[in-house]
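Commentary on secondary and tertiary structure
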Amino acid sequence: MRLSLFIIIVVGFSCSAAANLNLSTKEFSRVAQNMAARQSSVYHITSDHNGLLWLATDTDGILRYDGKQFVRWTDSVLNNVQAADFSKLRIHQDTIWAATWGHGLVAWNSAKQSTRQFKADNGQGQLKNDRVQTLFLDRQQRLWVGTLNGLQYMQPEVTTNQADVLQFIDDEHPLNDLRIWWITESKHWIWVASSQGVFRIAQDLSSCTRYYIDPDNVGENRTNEVRTIELIGETLWAGTDHGLYYLPENGQAFKSVQDNEGGSAVNLRVNDLVVETNPDHEPTLWVGSGNGLYQFDLTQKTFVKQGDDWAALQNIDVRSLHLDNNNILWIGTRGQGLFKGVTVNQNFKDSLARSSLNVARAPIQAVHYASDDTLWLANDKGIFKRPTSNGNWDFYPFPERLGVRKVDVLYADRFGDLWIGINEAVIKTSSDAPELAAAPAINQQLGLEEATITAIHEMKNGDMLLGIWGRGIARYDRSSATFSWQTQNFDQLRGDQAYSIIDTQGAGIYSATRYSGLLDLSNEQRVKGEFNNYTLICAHAIDSNSIWLCSDNGIWNYSFKTGETGHYTKADGLPSNRVLGMTNDDHGNLWVITLSGLARLNIESGKVVTLGKSDGLAMSNFLEHAIDSSSDGEITAGSLEGALSFNPAKLNIAEIAPNVALTSVILDNQDVTRKFALTANELKLPANFQSLKLSFSVTDFRVPENNAIRYRLSGVTDSWSNWMPNLSLYLSSLAPGTYSLLVEGRNSQGTESNEPLQLMITVDAPWWYSFWTVFFGISGIVLLIYAIVRARTKSLERVNQKLQEQIALHTRELKVANRKLQTLSETDALTGLLNRRGFESHFNRLLSDYRDTRSAISVLLIDVDHFKQFNDDYGHELGDIALKVVGDSLATCFREFDIVARWGGEEFTVALPGLALEEAKEVAERVRESISKQGVETDGKRLTLTVTIGVSCYFAQTAELQTWLNSADEALYAGKRQGRDRVVG
């Protein structure tokens, strides 16, 4: 398999467990940081006490990885060698023990800033060979050193003159002259893998037993050479040049692992082994080989197939494996850099994709559970129904004559009626046998040409409340089967609408609106609250005490009793500030869909957990209001990629509290990181320092770019800072003294560290800075101003309080006026659409929301054909009418979140988030056809209008507005040259 800079492979833990919804899988990807992605070999990977990753490599020597970047530490550990290949690392407290290939054994003590090098030519107790293969620190604190031709050990913690002396087990021991590949230990034994079998040595070194892979083929060959060993329980697993073997407990001979058909031994060159344990699954053994990564079922003693092949990372020479505290499998390779495998739990299902309807990954625009838990889904193709009686899906397609572009709302009431809001019409039909035809009664009885339904609510008496775009809220009287207006406040502002209508179980009925804020429908008054300054996208009530609101600036909670509000944003862990919908479970949680993913908010604690790929969430492009829950706890959410269903009580979410590690100390623009011990918890700074930059790592590397920190510096402030994604903080102008810096970490899920990292920062005092100087100086100043302050305090407090009240009043009035003024300044007076300024403002906000996604945005540039001639022939008054006809047509042709504007003159522009080029061209073609059916009447004849449309499409991560406009403009003029009345993109 050919490799590129990024590769992703998903593997399962076992074939037989595929039916288990919570089965874990691993997704592998190359670590694409500039240094790790080089064609280097990684021979060993380990973690330090904080969870930072350390690599022994050939090209770059010793590397440390903090989740964002790799930093070379070779010069600190071995500064007298220009280039060295490292084969193994052991980090013990403040000392890095490094095995090199040609430069012996190196020990760097970061606390003492000293280096010791052990070589084959430096005297008594010398190293047997400068090519050191492996290192191992046992429970007695003996450091075992395996070289190309011998095993030695030393006791660096012993305070005797023998501490730095390398010793043999005894002078005649067979391990003195063999190549040592690997060392491990059990409670009673030291196990050593060598070029001639595996040795079991008593912990007191009193006895030794050798085990051959092939006792009948002992000699000058590699048949019994063992490259790696792994002790699992009391069974020893061994990897050789030609396969995988195991020595059972109390066994006398190795057994070979057979292929899955029970035939011959599997022929693999095994380089490394690591066992992965999981509370929910049987242990699994990962096997790094010369041609890929293999997975082995320890219970069945069989290899697990990875899709169509037996190996993940095929044809890659895997040299080292390491599992960190977050169960990430790190894979070091020969010549291909570093890879990582992140566990992915299978928590979610797309039940519609598994049905017989063959509609996998179809967009789902509306989701609803009926009172009997029948699940209803909808998109522009039709309605999907899953009754609780049999669980099978039924599909009811929309007739072509309806021209359905979008389903805004879907609701099955208690009386057997199914309500569907589409385009500019409403469908009311039987939920038992739906007949999908527009119901004209609402238009006739309310005097509407069109009725776009945006919200539906069933009242306790069976009456229905219907939010109608741009007009208000209508009421359907169940007994008389008639429609009437409940409120028509929305006429005051074009485009206003009710996004949600809910009954708060005793506190009244409320509506969350686009522009009018939160409305109390009992008195048609707006509820006071800061949330009214934002677009309210949904509302949800769990009890009569409060109401939860989705908005384009996070989640709001309003208490009816106290009037207090709670606010949760991206800074609190939400995937995005644009919240599209919510529902609740039976365990005190809100489940929230946002523009960038799914999150769980615990109502009592306020803790936010963001779910991502590692939790099995394969989709993130959720749609507004497309989430609901059943009475038995199932939750379904709709997105552009389909509908996902899950039961919160059955989710397997690996909430692992991360550690926080100090990774960099920059003092006055100089990197002094290596001057501090690896375990340092105190920083001493000179009196004249100007600036200090401290960088940290949150050592959960599943999605490291979404990690964050916050800090509190006692002696300066008792408050915690906001969560910061850049993981660095800057300090300056600290007075002499001692400060306690606490740093907390939060990973990509929102899980916070169990305890903060604590650093003591001491700033030295200058020679003239004495206690008595400060004391008398401050005392004099305090006594001098005390009387003045005392006399003025009360009057200043009264003046200040009055001033604050006036400022607050004027600020609230100014916000309301500014909001109205901004709406007017961004609206085209002729068509009622956005003007150029409004389009640019809305597009920039859209671009900001989409920066973190991989979704495309398409832009249409629409020009009315021959409009100048039209004005010359029929006058500007009729020309204005024609432009208004086009504008009215455009206002009805697009989705609610699309941006439609008059760009200037006879040009219009439209932004279509989430649509690729071909999808956008299809939409543009429908728009062109729709406008061509419009006309302008004059002197008894009908004048037909046509338009030419240019289409452009780019990803939000890579372009700015002018890029879209330039490309669409070129396409537009190409269409004109081709004869107009067409779509070009």
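What comes next is a walk through the structure. Predicted model only: the values in this text are computed from it and were never measured.

Further remarks concern helix 7 (residues 917-932). The terminal C-alpha atoms of helix 7, which comprises 16 residues, lie 22 Å apart, in line with the 22 Å expected from a rise of 1.5 Å per residue. Every buried residue of helix 7 is listed here: Ala920, Val923, Ala924, Val927, Arg928 and Ile931. Projected down its long axis, helix 7 shows its buried positions confined to an angular sector of 145°, all on one face. In helix 7, the exposed positions angled more than 90 degrees off the buried face are occupied by Glu918 and Glu922. Where the residues of helix 7 are buried, they touch strand 63 (856-864), helix 6 (876-891), strand 65 (907-913), strand 68 (947-955) and strand 69 (983-984).

Turning to the nonpolar core, a few remarks are in order. Formed by 31 residues in total, the largest nonpolar core has its most connected members in Leu860, Ile862, Leu890, Phe894, Val927 and Ile949. Those elements giving two or more residues to this core turn out to be strand 63, helix 5 (867-874), helix 6, strand 65, helix 7 and strand 68. For this core, the element with the highest residue contribution is helix 6, accounting for six residues. The next biggest cluster of nonpolar side chains, apart from the first, holds 26 residues, and it includes Val660, Tyr739, Leu741 and Leu757.

Read from one edge to the other, the open sheet built from four strands follows the order 40-41-42-43, with strand pairing classed as antiparallel. Since the sheet does not close on itself, it has two edges, and those belong to strand 40 (498-503) and strand 43 (525-526), each with one partner. In the sheet, strand 40 pairs with strand 41 (residues 509-513) via five bridges, with the strands oriented antiparallel. Across the sheet, residue Ile501 finds its bridge partner in strand 41, namely Ser511.

The residue His457 is located in strand 36 (residues 453-458) in this model. When its relative accessible area of 10% is taken as the criterion, His457 is described as buried. Placed 44 residues apart in sequence, His457 and Ile501 show a C-alpha to C-alpha distance of 5.7 Å. Once residues within four sequence positions are removed from consideration, His457 is found in contact with Asp463, Met464, Leu465, Ile501, Ile502, Asp503 and Ile509.

Calculation notes
Residues numbered from 1 in each chain as written. Predicted model: local features only at pLDDT ≥ 70, side-chain atom pairs only at ≥ 80, totals over all residues. Heavy atoms only, no water. Helix = DSSP H or I, 4+ residues; strand = E, 2+ residues; numbered from the N terminus. Expected span 1.5 Å × (residues − 1). Buried < 20%, exposed > 50% of the residue type's maximum accessible area, 1.4 Å probe, protein only. Arc of directions from axis to C-beta. Contact = heavy atoms within 4.5 Å. Core = buried A, V, L, I, M, F, W, Y, C linked by side-chain atoms within 4.5 Å. Pairing = 2+ DSSP bridges.

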